[in-house]
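Understanding the architecture of this molecule
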Protein chains: 2
Amino acid sequence: MKLQSALNFSHTLLKKAVNPGDNVIDGTAGLGHDTLFLAQLVGQKGKVFSFDIQQSAIDATNHRINENEVQHQCEVIHDGHENVKRYINDQPISAAIFNLGYLPTGNKTIITKPATTLKAVSAILNNLTPNGIIILVLYYGHPGGKEEKNQVLDFAGNLDQHQYNVLKYQFINQINDPPILIAIQKRTKSS
Amino acid sequence: MKLQSALNFSHTLLKKAVNPGDNVIDGTAGLGHDTLFLAQLVGQKGKVFSFDIQQSAIDATNHRINENEVQHQCEVIHDGHENVKRYINDQPISAAIFNLGYLPTGNKTIITKPATTLKAVSAILNNLTPNGIIILVLYYGHPGGKEEKNQVLDFAGNLDQHQYNVLKYQFINQINDPPILIAIQKRTKSS
């Protein structure tokens with residue numbers, strides 16, 4: 001076996017956290033990989049809310065979900081994830097994923113930013129079910145990346161330990177800024 | 001599902017890394033929990049080398065493995081883990097675990113120390129099989145604990161990325177110094 005990359009570990013956690021029929025969020029649709037992955041986990045009775053600000057990402061995601069015939073359970077939203085509350089209202093959310101940085105195939109100056117990222121995370125925390133999880137995969141090698149990384153780590157590290165468990169999963173001997181995974185899990189009364 | 005504690009995640013990794021017939025090491029026998037766990041993973045054709053400097057730990061470990069009838073595949077060694085090389089010689093090792101700190105039921109001033117810990121880890125790295133793994137669970141709330149934590153992190157973080165992947169698994173929003181897991185995996189040529 002090989003130690004899982006942050007990206008693969010995010011999928012391992014989502015597989016364990018998400019059940020058929022759940023409502024979940026892809027905060028950064030990008031090429032639609034995670035939207036498809038989540039759509040398969042929630043099944044036809046579940047719902048994936050998938051956000052992106054770039055038209056090319058919306059197009060790629062729609063193409064991928066149509067091709068895999070999971071469009072029924074997906075709502076692909078051309079809007080910033082900071083407006084997530086307008087779309088989910090009071091619906092319970094069992095999982096959310098954000099891949100922070102830029103769209104690999106797109107304009108590398110269009111990046112996620114700490115203020116909007118944290119506004120989205122804060123909104124989702126309010127709707128998170130017990131044992132529900134928000135996963136942030138932080139890519140931070142680009143200009144602006146380290147600032148976002150530091151603000152997300154500061155926010156997550158200061159969440160109340162009685163309400164949340166916050167895990168950091170990181171390879172520490174690699175020079176090329178490999179992504180860091182942060183997982184925020186809402187505690188149940190007994191955990 | 002719940003995010004696994006460092007201790008539980010150490011067992012998840014060992015289960016994936018260890019196969020029947022393997023040679024493995026418990027660097028800190030303590031109450032024998034990990035020695036028993038490893039003995040069950042390696043089976044009768046494998047071997048667990050289990051080290052402790054405290055007689056009470058040796059007794060507890062021998063008691064546990066006898067009770068569970070796995071003594072055949074265990075060598076419980078009353079010696080410091082820094083002398084590991086004398087016992088394993090050139091045998092390949094697929095996994096090792098260290099719980100660093102003090103024996104919970106014992107004298108809390110008898111603690112693992114960075115110099116001997118890192119001597120043991122360095123010796124085992126030389127015998128580690130491709131994809132083999134050394135896991136260090138760092139308890140560091142006690143006097144001397146932070147110094148050991150910092151030296152281990154410094155050592156592990158500076159291992160050559162072409163030879164090893166070094167993972168850090170840590171809960172970051174808890175005030176009571178929860179244990180940190182470090183996993184050092186030897187890379188194969190293709191990984």
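Residues numbered from 1 in each chain as written. Chains lettered and ligands numbered in written order. Predicted model: local features only at pLDDT ≥ 70, side-chain atom pairs only at ≥ 80, totals over all residues. Heavy atoms only, no water.

The name an unreviewed UniProt entry assigns to chain A is SAM-dependent methyltransferase, MraW methylase family, from the organism Fructilactobacillus fructivorans.

**Concerning the pattern of salt bridges**
When charged atoms on two side chains of opposite charge get close, those side chains can pair. All names here are of chain B. Put simply, the rule reads: Each reported salt bridge corresponds to a side-chain nitrogen of Lys or Arg within 4 Å of a carboxyl oxygen of Asp or Glu. Here a helix means four or more residues in a row that DSSP labels H or I, a strand means two or more in a row labelled E, and each is numbered from the N terminus. Only protein chains enter the accessibility calculation, which uses a 1.4 Å probe; a residue whose area is less than 20% of its type maximum is buried, one above 50% is exposed, and one in between is partly exposed.
What the rule picks out here adds up to eight salt bridges over all chains. When the shortest N-O distance is used, the salt bridge between arginine 86 and aspartate 79 registers 4.0 Å. Residue aspartate 177 is joined to lysine 146 by a salt bridge in which the shortest nitrogen-to-oxygen separation is 3.5 Å. You can see aspartate 177 sitting in the loop between strand S6 (164–171) and strand S7 (180–186) and its partner lysine 146 sitting in helix H6 (residues 145–157), a full 31 residues away along the chain. Owing to a relative accessible area of 27%, aspartate 177 belongs among the partly exposed residues under this scheme. Residue class for lysine 146 comes out partly exposed when judged on its relative accessible area of 42%.

**Some details on the relation of the copies chain A and chain B**
The condition is simple: The copies are overlaid by a least-squares fit using only the C-alpha atoms of residues whose pLDDT is at least 70 in both copies. What makes two residues a contact is simply this: any of their non-hydrogen atoms within 4.5 Å.
Expressed as a screw transformation, the operator carrying chain A onto chain B has a rotation angle of 180 degrees and an axial translation of 0.0 Å, and the superposed copies differ by an RMSD of 0.0 Å. With respect to symmetry, the two chain copies, as superposed, fit the operation of a two-fold axis. Among all C-alpha atoms of chain A, that of Tyr169(A) lies closest to the rotation axis, at 2.4 Å. When the interface residues of chain A are mapped onto chain B, 100% of them again fall at the interface, so both copies present the same face.

**Observations concerning the nonpolar core**
Note the following rule: Residue types Ala, Val, Leu, Ile, Met, Phe, Trp, Tyr and Cys, when buried and joined through side-chain atoms within 4.5 Å, form a set referred to as a nonpolar core.
Ile135(A), Leu181(A), Ile135(B) and Leu181(B) are the most contacted members of the largest nonpolar core, which has 60 residues in total. Apart from residues no more than four positions distant in its own chain, Leu181(B) is found in contact with Ala6(B), Phe9(B), Ser10(B), Leu13(B), Ile135(B), Leu136(B), Val137(B), Leu167(B), Lys168(B) and Tyr169(B).

**A short note on the pairing of strand S6 (residues 164–171) of chain A**
Residue and element names in this part refer to chain A. Put simply, the rule reads: Note on pairing: DSSP must find at least two bridges between two strands before they are called paired.
Among the eight residues that make up S6, eight are buried, leaving the element largely enclosed by the rest of the structure. Side chains of S6 alternate between two faces, with Tyr164, Val166, Lys168 and Gln170 and Asn165, Leu167, Tyr169 and Phe171 buried alike. Bridge analysis of S6 against strand S7 (residues 180–186) gives six bridges, and the strand direction is antiparallel. Along S7, the bridge assignment pairs tyrosine 164 with lysine 186.

**Side note on the packing of aromatic side chains**
Our working rule: Only rings of Phe, Tyr and Trp enter the pairing, Trp through its six-membered ring, and a pair is recorded when the two centres are within 6.5 Å. The plane angle decides the type: under 30 degrees is stacked, over 60 is edge-to-face, the rest tilted.
Counted according to the given criterion, the structure contains 10 aromatic pairs over all chains. When the ring of Phe9(A) is compared with that of Phe9(B), the centres are 5.9 Å apart and the planes differ by 65 degrees; the resulting orientation is edge-to-face. Taken together, the residues span two chains, with Phe9(A) in helix H1 (residues 6–17) and Phe9(B) in helix H1 (residues 6–17). In this pair, the class of Phe9(A) matches that of Phe9(B), namely buried. Ring centres of Tyr169(A) and Phe9(B) lie 6.5 Å apart, and the angle between their planes is 70 degrees; this geometry places the pair in the edge-to-face category. A residue pair is termed interchain when its members come from two chains, as with Tyr169(A) in strand S6 and Phe9(B) in helix H1. Accessibility classification places Tyr169(A) together with Phe9(B) in one group, the buried group. Connected via pairs of aromatic rings, a cluster forms that spans Phe9(A), Tyr169(A), Phe171(A), Phe9(B), Tyr169(B) and Phe171(B).

**A look at the interface of chain A and chain B**
Selection criterion: A 1.4 Å probe defines the accessible area here, and the buried area is the portion of it lost by two parts on being joined, summed over both. In protein, a polar contact requires one atom able to donate a hydrogen and another able to accept it; more generally it is a pair of N or O atoms within 3.5 Å, and residues adjacent in sequence count only if both atoms are side-chain atoms. Note on residue classes: Ala, Val, Leu, Ile, Met, Phe, Trp, Tyr, Cys and Pro are nonpolar, Asp, Glu, Lys and Arg are charged, and everything else, Gly too, is polar.
With 32 residues of chain A in contact, the opposing surface of chain B contributes 32 residues. With both chains or domains summed, chain A and chain B bury close to 2900 Å², and 58% of this area falls on carbon and sulfur atoms. On the surface where chain A and chain B come into contact, there are 22 residue pairs in polar contact (both at pLDDT 80 or more). The set of elements that each furnish at least two residues to the side of chain A that touches chain B consists of H1, strand S5 (128–138), helix H6 (145–157), S6 and S7 of chain A. Take the side of chain A that touches chain B: its biggest share by element is eight residues, from S6(A). Its residues assigned to classes, the side of chain A that touches chain B shows 18 nonpolar, 10 polar and four charged.

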